[in-house]
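Okay, here's what each chain looks like letter by letter:
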Amino acid sequence: MKHHARLAFIPVALAVALGGVIASAPAMAAEYTLKWGLVTRGDMQEKLGHKLAEVLPKATNGRVEVKVFPGGQLGTPAAILEGVQLGTIEGYAIPADFYAGADPRFGEFSIPLLFKSVKQANEVLADRELNNYILTMAENKGLVGVMIGVAAESYYFGAKKPIKHIADFKGLKLRVNATDAERARMAALGATAVPMGLQEMITSLQNGVIDGTMSGISIFTNFNLQNVGKTLLMTHDTLLISFACLSKAWLDKLPPDLRKTVVDEARKLQPWARQTAVDEMASLAKVWTDRGAEIVTLPPAEQAELEKRLAPIGAEVTKGNPVLKAFYDKIQAVKAKYPN
């Protein structure tokens with residue numbers, strides 16, 4: 001009996017010992033790290049990075065990990081874009097017009113009245129042919145697109161003086177992202193466009209260097225701009241279209257099968273990202289008003305006047321460049337398939 005007990009004890013002891021070794025062994029490190037760069041914070045673009053951090057390790061059996069860097073931790077928009085093109089930053093999400101320096105066609109997404117609504121915009125951008133065209137059109141500039149969709153409605157915001165009428169735009173210095181369409185829009189409203197990054201914008205609003213901005217709701221809520229001004233003007237004239245991409249230089253270093261998995265899995269998240277932004281727009285608008293601030297609209301006659309002034313801008317800013325005009329015409333053609 002003692003002999004049998006001893007035999008039974010040995011494998012149990014061995015198992016316990018081995019279990020201790022296994023438990024104390026460090027987890028296998030990922031072979032590749034995808035740094036997801038952002039200038040914004042707490043919005044769909046950041047949430048997309050966290051979603052990738054869930055999806056990609058599973059899809060790649062732990063070979064790829066994702067680390068999210070919101071709030072400009074990796075630099076200014078231009079610095080992050082350069083990093084993506086060089087391959088030192090692996091992923092980036094920001095409104096599409098910030099990529100205009102790499103490919104001017106991205107600037108067309110800031111054209112006013114380009115789409116009738118968020119719903120129409122997302123349907124057009126999800127159109128299989130156009131979606132594939134947009135996601136791949138800047139690969140020769142080192143940008144492999146993985147998501148295009150509406151990030152936010154735009155609101156006009158005055159710091160010291162609220163903007164509630166068209167006449168209130170006159171003489172204001174308003175921050176923009178520096179595209180021709182944005183400059184033309186501000187000029188049509190009687191304001192002066194001031195190109196400026198997000199971090200600089202916050203301090204410039206506070207010290208009076210600029211009078212206001214046109215931004216998405218997450219900017220106003222996440223940066224507590226209700227402490228600077230209380231009124232947002234909604235005119236439905238321009239949507240903030242987000243473009244998310246991966247670095248081609250980085251992807252080219254991956255084995256072909258892994259590269260395909262990373263791109264495919266990221267692109268599958270497009271519907272999720274668009275719906276997340278739609279939900280976010282509603283919830284953050286409530287946050288803004290719950291803080292004692294307000295969202296206003298123009299009187300009907302002034303809204304009609306605003307649209308009349310802004311309607312020609314798309315054709316005007318693209319007519320002198322065949323590449324820009326061809327892309328603008330492509331969007332218009334696809335838009336005809338989704339009239340509502």
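Look up: the structure comes first, before these words.
Summary of the structure given here. The residue numbering used here restarts from 1 in each chain and proceeds along that chain's sequence as written. With the structure being a predicted model, the display of local features is reserved for residues of pLDDT at least 70 and the display and counting of side-chain atom pairs for 80 or more, all residues being used for whole-chain, interface and lining totals. The side-chain figures draw on all heavy atoms in the structure; neither hydrogens nor water molecules are used.

## Some words on the packing of aromatic side chains
Going by this rule: A pair of Phe, Tyr and Trp rings is counted when the ring centres sit within 6.5 Å of each other, with Trp represented by its six-membered ring. The angle between the planes then sorts it: under 30 degrees is stacked, over 60 is edge-to-face, the rest tilted. Helix and strand assignments come from DSSP, with helices taken as H or I runs of at least 4 residues and strands as E runs of at least 2, each series counted from the N terminus. In this scheme, a residue with accessible area under 20% of its type's maximum is buried, one over 50% is exposed, and one in between is partly exposed, where area comes from a 1.4 Å probe on protein chains only.
A complete count under the given rule lists 10 aromatic pairs for this structure. For the pair tyrosine 133 and phenylalanine 327, a centre-to-centre distance of 6.0 Å together with 25° between the ring planes defines the contact as stacked. Of the two residues, tyrosine 133 sits in helix α5 (residues 128-136) while phenylalanine 327 sits in helix α14 (residues 322-335), which places them 194 residues apart along the sequence. Judged by its relative accessible area of 29%, tyrosine 133 is partly exposed. Given a relative accessible area of 1%, phenylalanine 327 falls into the buried group.

## Focus: the packing of α5 against α14
Using the following cut-off: Interaxial angles span 0 to 180 degrees and are taken between N-to-C directions of axes, which are lines fitted to C-alpha atoms, for helices over the stretch in contact. Here the angle decides the label: under 35 degrees means roughly parallel, over 145 means roughly antiparallel, 65 to 115 means roughly perpendicular, and every other value means oblique. Rotating anticlockwise by less than a right angle from the far helix to the near helix defines a left-handed crossing, while the corresponding clockwise rotation defines a right-handed one. By definition, residues are in contact when any of their heavy atoms lie within 4.5 Å. Under the scheme applied here, ten amino acids are nonpolar (Ala, Val, Leu, Ile, Met, Phe, Trp, Tyr, Cys and Pro), four are charged (Asp, Glu, Lys and Arg), and all others, including Gly, are polar.
Close contact between α5 and α14 brings their axes to 10 Å; oriented N to C, the two are set at 155°. Judged on the interaxial angle alone, α14 and α5 are roughly antiparallel. Taken as a pair, α5 and α14 cross one another with a handedness that is left-handed. Judged by residue contacts, Leu130, Tyr133 and Ile134 of α5 engage Phe327, Lys330 and Val334 from α14. Classifying every residue of the contact of α5 with α14 gives five nonpolar, no polar and one charged.

## Structural notes on the pairing of strand β8 (residues 231-247)
Each regular strand carries side chains that alternate between the two faces of the sheet. The condition is simple: Pairing between strands is defined by DSSP: at least two bridges between them are needed.
Among the 17 residues of β8, 16 are classified as buried, and the element is accordingly described as predominantly covered. The sheet contact formed by strand β3 (residues 91-95) and β8 spans five bridges and is antiparallel. Directly across from alanine 93, in β8, lies its bridge partner alanine 244. Bridge count for strand β4 (residues 143-158) against β8 is 12 bridges, and the pairing is antiparallel. When the bridges of β8 are listed, tyrosine 156 appears paired with leucine 233. When β8 meets strand β9 (residues 294-296), the two strands line up parallel, connected through three bridges.

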